[in-house]
2 protein chains.
Amino acid sequence: MTQRNWTTRRDDKRARMAAAEPWLDGKVLERDRVGDALQALIRSGDRVIAEGNNQKQADFLSRALAELDPDQVHDLHMIQPSVGRPEHLAVFEKGIAKKLDFAFSGTQSHRIGQLMMDGTIEVGAIHTYIELYARLFVDLIPKVVLAAAFKADRAGNLYTGPSTEDTPALVEAAAFSGGIVIAQANEIVDDVSQLDRVDIPGSWVDVVVEADKPFYIEPLFTRDPRHITPVQIFMAMMALKGIYAEHGVTSLNHGIGFNTAAIELLLPTYGEKLGLRGKIATNWVLNPHPTLIPAIESGWVETVHCFGTELGMEHYVAARPDVFFTGADGSLRSNRAFCQLAGHYAADMFIGSTLQMDADGNSSTVTTSRVSGFGGAPNLGCDARGRRHATPAWANLAPEGDPLARGRKLVVQMVETFQAGLTPTFVDTLDAVAVAEKAGLDIAPVMVYGDDTTHLLTEEGLAYLYKAESPAERRAMIAAVAGVTPLGLSADAATTQRLRDEDKVRTPEDLGVSRTEATRSQLAASSIADLVDWSGGLYAPPPRFRSW
Amino acid sequence: MTQRNWTTRRDDKRARMAAAEPWLDGKVLERDRVGDALQALIRSGDRVIAEGNNQKQADFLSRALAELDPDQVHDLHMIQPSVGRPEHLAVFEKGIAKKLDFAFSGTQSHRIGQLMMDGTIEVGAIHTYIELYARLFVDLIPKVVLAAAFKADRAGNLYTGPSTEDTPALVEAAAFSGGIVIAQANEIVDDVSQLDRVDIPGSWVDVVVEADKPFYIEPLFTRDPRHITPVQIFMAMMALKGIYAEHGVTSLNHGIGFNTAAIELLLPTYGEKLGLRGKIATNWVLNPHPTLIPAIESGWVETVHCFGTELGMEHYVAARPDVFFTGADGSLRSNRAFCQLAGHYAADMFIGSTLQMDADGNSSTVTTSRVSGFGGAPNLGCDARGRRHATPAWANLAPEGDPLARGRKLVVQMVETFQAGLTPTFVDTLDAVAVAEKAGLDIAPVMVYGDDTTHLLTEEGLAYLYKAESPAERRAMIAAVAGVTPLGLSADAATTQRLRDEDKVRTPEDLGVSRTEATRSQLAASSIADLVDWSGGLYAPPPRFRSW
């Protein structure tokens with residue numbers, strides 16, 4: 001038996017905490033000494049998580065990190081669910097950090113792409129969120145977590161408000177592995193009785209510091225109905241008839257685009273006319289999209305579990321606790337880990353959009369000019385092969401005649417055949433292949449694979465890809481709805497007719513949906529102001545969305 | 001806009017809590033009034049979670065539930081990760097509960113099978129753990145959770161000790177949906193300063209009650225090395241050479257059988273001889289198996305993240321914080337939700353065993369006489385199609401030549417061709433098919449599907465199923481290693497030879513493993529006493545495992 005020291009992580013943590021001691025009053029760090037404290041608590045080569053969520057950013061701590069001296073602290077390995085702030089990239093440009101594992105980059109997608117290509121950032125992988133959390137307990141155990149909260153007390157208890165998001169997963173990985181948890185809060189109160197509720201217990205947190213200003217929140221999921229086009233409405237009608245009603249989809253996740261916003265706004269109008277209320281779209285796995293308000297108010301929606309929150313939706317959500325998950329304090333409890341689990345294992349359907357799709361149905365939002373990451377799409381947009389319970393929609397996709405047949409998650413890609421600027425959506429080769437080569441990635445960053453995609457919906461028609469009997473037939477089905485793109489023009493007319501006859505492809509006509517019906521007057525709300533009205537004044541849109 | 005009441009869940013909770021008020025002092029319930037309180041807090045038809053984990057049981061509360069008057073409370077829908085106690089089934093026999101959704105039944109597998117077949121229990125589905133948690137946020141939102149903790153304080157803060165297990169997932173689902181959280185604790189202390197650490201914040205918990213005795217713990221993962229057979233050692237040697245070393249498997253999960261216990265005990269001996277230390281099996285997703293102690297002590301194991309704990313391993317784990325995830329109090333922090341996530345998304349390999357396998361490689365532990373459920377196997381034993389990061393082992397299974405090719409999770413079934421009693425492991429049709437019919441299940445309870453299984457290892461050879469070019473070839477590969485079972489005897493000798501020539505099947509000889517080497521002297525520990533020695537006396541096996 002060895003004389004090995006089995007407490008190196010704990011000893012190391014104690015030594016670092018002792019070095020930061022001069023600037024700590026218990027767990028509370030003086031704001032002005034944040035740089036000194038980080039210098040004491042972080043060592044070169046550390047794995048560091050800077051909490052970047054969609055709706056909560058450890059931005060004060062990230063700015064402080066970016067101001068460290070790269071001669072003292074360098075080669076950090078950053079782990080970030082979301083890379084959403086300029087300071088998240090500054091640490092690479094300054095030589096403080098070298099390697100990055102992430103899931104989503106949102107507003108930084110152009111710049112991160114450049115830094116990946118020129119070698120400034122060495123990317124481990126572009127993950128889906130819960131894949132990244134999973135690795136925090138196996139091969140990417142973090143040394144330091146920079147977290148964010150609305151409020152903290154002096155014992156380290158954190159109140160995250162409606163933006164719990166990734167915090168429980170990130171903090172747990174460090175708190176129980178000899179890592180150091182540092183949390184910024186908009187406000188520090190004396191004790192737990194002054195916190196609205198506790199989201200993270202104080203015994204998991206080592207340092208709290210009051211930020212210089214409240215953390216930044218990006219209203220990422222707000223889609224102004226004014227920008228929804230007739231083509232999107234047309235496709236939304238096809239989706240409701242050909243997918244939602246066809247399969248009886250009750251539990252689902254929507255992507256963040258205008259396509260799915262159109263569907264949300266058609267439920268109380270077109271959906272009502274089709275007699276679908278209570279039969280489809282009852283249980284949601286979704287951020288609190290403002291465009292879902294009319295469906296909620298019309299009694300379509302039973303429940304919504306949220307990954308995160310959405311700026312402006314706080315009062316509305318708090319007033320609808322039968323629908324949303326809320327705490328004893330009344331505000332939303334979001335939790336991205338559980339919500340992604342719910343989306344993977346408990347939702348009948350994922351429906352989203354993409355920038356590029358190849359002839360085999362592989363799709364990606366990564367292009368040579370933008371590396372936006374995938375967020376939750378790969379996890380939501382794949383078959384959950386560990387699933388062992390049936391719902392009508394899931395079972396509806398099972399092949400017949402096999403006593404061991406299993407159903408499938410519906411994975412729907414809803415795309416117009418051309419992107420803005422008349423670039424075909426359908427490409428010979430995804431840009432992801434070139435990006436992988438240039439940035440030295442181990443695998444091409446595909447968002448959703450063709451063999452996981454069960455339905456492809458374009459303005460030209462709906463391909464039931466899960467019915468394909470071979471890869472060749474799947475390609476023919478994709479080409480059949482690819483319109484006048486080069487891929488679409490390559491489709492064989494006789495084959496397309498056969499696919500229609502076999503009910504593998506349906507045109508709008510087959511579905512009984514006409515373009516002339518697809519007008520904006522079908523939308524339950526045609527502006528942000530309408531959404532505010534639907535909410536009874538509870539929804540408070542951010543200023544940039546206000547036109548009144 | 002409707003005049004709908006949006007706070008029915010919250011109002012209902014308040015009414016129920018008010019009805020229980022007479023027996024509550026703050027959140028603390030008098031033990032003797034637990035029946036009255038449950039009667040006030042639970043209504044017929046409710047979805048109720050009775051915490052049954054592998055290592056933590058809300059047994060006091062479950063017994064109280066089973067003593068309610070079925071005329072007053074009936075038709076409960078029970079949701080239980082694990083159905084491990086007789087009282088869990090008594091609620092069905094007494095007519096208090098009607099429907100059950102579960103994941104594992106362990107020691108109750110015979111009785112639960114009978115009750116399913118005779119219609120006493122209506123089973124929703126037999127889930128994998130995190131699938132069941134996922135549904136708690138979508139279509140199985142619980143009304144009441146009966147949870148278990150080591151200690152609670154009067155404010156409801158819970159300390160779960162090393163058995164955190166499922167508690168965070170179960171409590172969160174109810175606490176934030178207007179549900180009622182009732183926790184039993186072995187001990188109630190006055191305030192948080194007397195808790196070793198906080199695992200569940202008090203603001204999530206409504207009622208705490210001191211149990212009449214500590215909750216029951218079953219040492220489910222302890223395998224006595226004395227019962228490991230030469231055949232198991234032989235297969236373990238084949239596994240190490242043909243799978244672990246072949247693919248460079250570093251992150252992994254092991255099932256709970258003697259097969260994998262043999263592998264654990266060969267690492268410091270046979271594995272060392274092969275020069276594999278540091279190259280394989282470094283990062284584990286696993287309960288604290290006592291049989292892993294020699295590998296840990298020999299420096300093979302970098303980290304272990306745990307689903308739950310194991311009775312007797314408390315002091316050992318606490319003394320090895322570099323390896324195990326532990327809290328500030330020093331004890332293990334297990335967490336089944338995150339550990340299952342880790343096993344799904346971050347582990348290279350799952351290796352387990354089964355009772356039956358059909359000719360297509362579908363396997364199940366459900367038989368007509370035992371419905372043990374699957375626990376984590378379906379989640380761990382399926383390809384994680386949302387995964388977007390590469391490791392050498394994962395990438396090693398990718399087909400060559402396709403720029404979009406992805407790797408695969410290694411899913412290994414390790415079985416002897418005959419079960420005890422000389423029943424062939426390979427069957428024409430899984431019993432699961434008949435069980436589904438008799439018990440009215442929506443789908444046959446398959447544990448791991450053949451198309452997810454990448455390797456099949458028997459004492460006759462190792463079939464690299466992921467190399468199969470067609471379902472027919474996969475069947476031939478399975479038959480090639482099925483020995484003298486009817487399936488094995490049906491194998492065509494010429495085909496088997498071709499499969500060996502193409503390196504799709506390897507015999508022990510091909511692998512360079514001989515039966516004569518496979519002796520018990522290869523085991524790093526041959527008894528529980530040896531494991532105690534390896535642990536330096538830190539491992540304290542339960543009495544039934546002590547022979548000294």
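Residues numbered from 1 in each chain as written. Chains lettered and ligands numbered in written order. Predicted model: local features only at pLDDT ≥ 70, side-chain atom pairs only at ≥ 80, totals over all residues. Heavy atoms only, no water.

Asks: Before we go on, may I ask you to explain the interface of chain B and chain A in this structure?
Replies: Interface extent is often summarised as the accessible area lost during association of the parts. Chain B puts 98 residues into the contact, and the matching count from chain A is 98 residues. Across the chain B/chain A interface, buried area totals approximately 8,000 Å², and carbon plus sulfur atoms make up 60% of it. In this structure, the connection of chain B to chain A is made through 10 salt bridges. In this structure, Arg-406 of chain B engages Asp-451 of chain A in a salt bridge whose closest nitrogen and oxygen atoms are separated by 2.6 Å. For the pair chain B and chain A, the interface holds 34 residue pairs in polar contact (both at pLDDT 80 or more). By residue number, the principal contributor to the side of chain B that touches chain A is helix H12 (residues 336-346) of chain B, which donates 7 residues. Counted by class, the side of chain B that touches chain A contains 51 nonpolar, 23 polar and 24 charged residues. (Contact = heavy atoms within 4.5 Å. Buried area = accessible area lost by both parts, 1.4 Å probe. Salt bridge = Lys/Arg side-chain N within 4 Å of Asp/Glu carboxyl O. Polar contact = N/O pair within 3.5 Å; in protein donor to acceptor, adjacent residues only side chain to side chain. Helix = DSSP H or I, 4+ residues; strand = E, 2+ residues; numbered from the N terminus. Nonpolar A, V, L, I, M, F, W, Y, C, P; charged D, E, K, R; others polar.)

Asks: Explain the relation of the copies chain B and chain A here, please?
Replies: Between the two chain copies there is a screw-like relation: a rotation about an axis and a shift along it. Expressed as a screw transformation, the operator carrying chain B onto chain A has a rotation angle of 180° and an axial translation of 0.0 Å, and the superposed copies differ by an RMSD of 0.0 Å. On the angle and the small slide along the axis, the relation comes out as a two-fold axis. Within chain B, the C-alpha atom positioned nearest to the axis of rotation is that of Pro-201 of chain B, 3.0 Å from it. A shared interface surface links the copies, since 100% of the contact residues of chain B are contact residues in chain A too. (Least-squares fit on C-alpha atoms with pLDDT ≥ 70 in both.)

Asks: Which parts of the structure should I look at to understand the sheet that holds strand S14 (residues 349-352) of chain B?
Replies: All names here are of chain B. Spatially, 8 strands are ordered S13-S12-S11-S14-S17-S21-S22-S23 in an open sheet, and the strand pairing comes out mixed. Of all the strands in the sheet, just strand S13 (303-305) and strand S23 (505-506) have a single pairing partner and so form its edges. As defined by bridge partners, strand S11 (residues 251-254) adjoins strand S12 (residues 283-285) across 2 bridges and the pair is classed as parallel. In the strand pairing of S12, Ser-251 is matched with Asn-283. Sheet contacts for helix H8 (residues 230-247): S11, S14, strand S17 (410-414), strand S21 (455-458), strand S22 (461-463) and S23; angle to S21, the most-contacted strand, approximately 150°. Each of S11, S12 and S13 is contacted by H12, which is oriented at about 125° to S12, the strand it contacts most. (Pairing = 2+ DSSP bridges. Axes fitted to C-alpha atoms, helices over the stretch in contact; angles between N-to-C directions.)

Asks: Hey, could you run me through the pattern of salt bridges in this one?
Replies: Side chains carrying opposite charge are able to pair once their charged atoms draw close together. Enumeration over the complete set of coordinates arrives at 82 salt bridges over all chains. A salt bridge links Arg-135 of chain A to Asp-139 of chain A, with the nearest nitrogen and oxygen atoms 3.0 Å apart. Judged by its relative accessible area of 9%, Arg-135 of chain A is buried. Salt-bridge contacts for Arg-154 of chain B lead to Asp-25 of chain B; the nearest nitrogen and oxygen are separated by 2.8 Å. Of the two residues, Arg-154 of chain B is situated in the loop between strand S7 (144-153) and strand S8 (158-159) and Asp-25 of chain B in strand S1 (residues 24-25); the sequence distance between them amounts to 129 residues. (Buried < 20%, exposed > 50% of the residue type's maximum accessible area, 1.4 Å probe, protein only.)

Asks: What is the right way to look at the domain arrangement of chain A in this model?
Replies: Residue and element names in this part refer to chain A. Partitioning chain A into domains gives domain 1 (17-210) and domain 2 (225-528). Each of domain 1 and domain 2 has a C-alpha centre, and the two are 33 Å apart. Every contact between the two is made by 33 residues of domain 1 and, on the other side, 35 residues of domain 2. Taken together, both faces of the contact between domain 1 and domain 2 bury some 2,600 Å²; the carbon and sulfur share is 57%. Salt-bridge contacts for Arg-336 lead to Glu-165; the nearest nitrogen and oxygen are separated by 2.4 Å. (Domains from an automatic or database assignment.)

Asks: What exactly am I supposed to notice about the nonpolar core here?
Replies: Most often, soluble globular proteins have nonpolar side chains that are buried together. In this structure, Met-78 and Leu-146 of chain A together with Met-78 and Leu-146 of chain B are the most contacted members of the largest nonpolar core, which totals 233 residues. Setting aside residues up to four positions removed in sequence, Leu-146 of chain A forms contacts with Leu-38, Val-48, Ile-49, Ala-50, Glu-51, Ala-58, Leu-61, Leu-65 and Ile-182 of chain A. (Core = buried A, V, L, I, M, F, W, Y, C linked by side-chain atoms within 4.5 Å.)

Asks: Is there a simple way to think about unusual backbone geometry in this case?
Replies: Excluding glycine, residues mostly carry a negative phi; peptide bonds, for their part, are mostly trans. Its identity is not glycine, yet Glu-165 of chain A carries a phi of approximately 50°, on the positive side. Here Glu-165 of chain A lies in the loop between strand S8 (158-159) and helix H7 (167-175). Under the relative-accessibility criterion, Glu-165 of chain A is labelled buried at 0%. Phi at Ala-281 of chain B is positive, roughly 55°, even though this residue is not glycine. Relative to the assigned elements, Ala-281 of chain B resides in the loop between helix H9 (258-273) and S12.

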